[in-house]
Amino acid sequence: MKVTIKSWMGVASWRWIANDENCGICRMSFESTCPECALPGDNCPLVWGVCTHCFHMHCIVKWLNLQTMNKQCPMCRQAWKFNFH
Amino acid sequence: MSKIVKLFKNNKKDKPPKAEIITEQKEPEPIPTTKCGKPLVLDNTRWEKRLQKELMSLIKEPPPGVSVDEDSVTRNLSQWKINITGFEGTLYEGENFQLLFKFNHKYPFDSPEVTFIGNNIPVHPHVYSNGHICLSILTEDWSPALSVQSVCLSIASMLSSCREKKRPPDNTLYVNTCNKNPKKTKWWYHDDSV
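Just so you know, these numbers come straight off a predicted model, no measurement behind them.

Student: In this structure, what is going on with the overall build of chain B? I would like to understand it.
Tutor: Counting its secondary structure elements, chain B contains five helices and four strands. Along chain B, helices (α) and strands (β) appear in the sequence α-α-α-β-β-β-β-α-α when read from the amino end. Buried residues in chain B amount to 21% of all 194 residues. Of the contacts formed within chain B by residues at least 6 apart in sequence, a portion of 48% connects residues at least 24 apart.

Student: Just checking my understanding: could you explain the confidence of the model for chain B for this structure?
Tutor: Predicted coordinates in regions of low pLDDT should not be interpreted in detail. Residue and element names in this part refer to chain B. Chain-level statistics for chain B give a pLDDT mean of 83 and a share of 75% at 70 or above. Below pLDDT 50 for its whole length, residues 1-13 participates in five contacts with residues either more than four positions away or in separate chains. Within the model, pLDDT remains below 50 along residues 15-24, and this stretch shows six contacts once partners closer than five positions in the same chain are excluded. Both confidence scores are given for the complex: pTM 0.77, ipTM 0.82.

Student: Would you mind going over the UniProt feature "domain: RING-type" (unreviewed entry) in chain A with me for this structure?
Tutor: In this structure's numbering, the residues bearing the UniProt feature "domain: RING-type" (unreviewed entry) are residues 34-77 of chain A. Taken end to end, residues 34-77 of chain A has its terminal C-alpha atoms 21 Å apart, with 23% of it in helix and 14% in strand.

Student: What should I look at first to understand helix α4 (residues 148-160) of chain B in this one?
Tutor: Since the α-helix turns once every 3.6 residues, residues separated by three or four places project in the same direction. Residues and elements named next belong to chain B. Taking 1.5 Å per residue as the helical rise, α4 with its 13 residues ought to reach 18 Å, and the 18 Å between its terminal C-alpha atoms agrees with that figure. Along α4, the residues that are buried comprise V148, V151, C152, I155, A156 and L159. Along the axis of α4, the buried positions cluster into a sector of 135°, meaning they face one direction only.

Here is what the cut-offs are and how they apply
- Residues numbered from 1 in each chain as written.
- Chains lettered and ligands numbered in written order.
- Predicted model: local features only at pLDDT ≥ 70, side-chain atom pairs only at ≥ 80, totals over all residues.
- Helix = DSSP H or I, 4+ residues; strand = E, 2+ residues; numbered from the N terminus.
- Buried ≥ 20, exposed ≤ 12 C-beta atoms within 10 Å, placed from the backbone.
- Contact = placed C-beta atoms within 7 Å.
- pLDDT = per-residue confidence, 0-100.
- UniProt positions renumbered as here; feature names shortened; annotations may be inferred.
- Expected span 1.5 Å × (residues − 1).
- Arc of directions from axis to C-beta.

See below:
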């Protein structure tokens, strides 16, 4: 049988590669957004610390901005430094 | 997203292909956003989801000796009462205590206010007779990675490691002069052993 394809539609899926399922701050899945965003993806990215812990960028930045003295990782209390791969 | 919607609208003039009709969806209600796409208004009800999750998991899989008084949970989840039982083999074995958790709109970025309430306030060197608890994770060592469950476990372990039932040395003075809210107290943490 010969089939002629008249049209097709490509579908792709994506996911973040993180060492955990959920953000330790908001407890939402990394595949969804932080509580203050509506659409997952590049506008609500994940970020890693040098300590290897990973959070929604908006969650960790909100936490760091609230800390006046020592800016620490919420998980391991090491000084927080962004890990730009 | 806006691009996709635009393309779709342009296509509408033509005969839309079937696949597109299936994927047609209601446009989400517009949320006021800043230039970088973050919502303009801090919507704290969205952060309540985390409290909801915590409540559900505490009800479904409570750690040993811990149980939520489900009737006490206020509708907006801002107050819960939690029962904890002294562990076997400790000075508090078989005793029942009740903790009151109060959450403000900054949770989990701000710690919950946690006090012992009811008739049985544990006699412990870090627990004042008005129910206030001297525990660093409840103030300056709070982290948003902590949770109601981890606070309960810290308090249970604080009770378990106690060797002598006694009130803090400054109990009378503190109880007579402190603020109602223990978070307003400038705690001085000096003893990590209990």
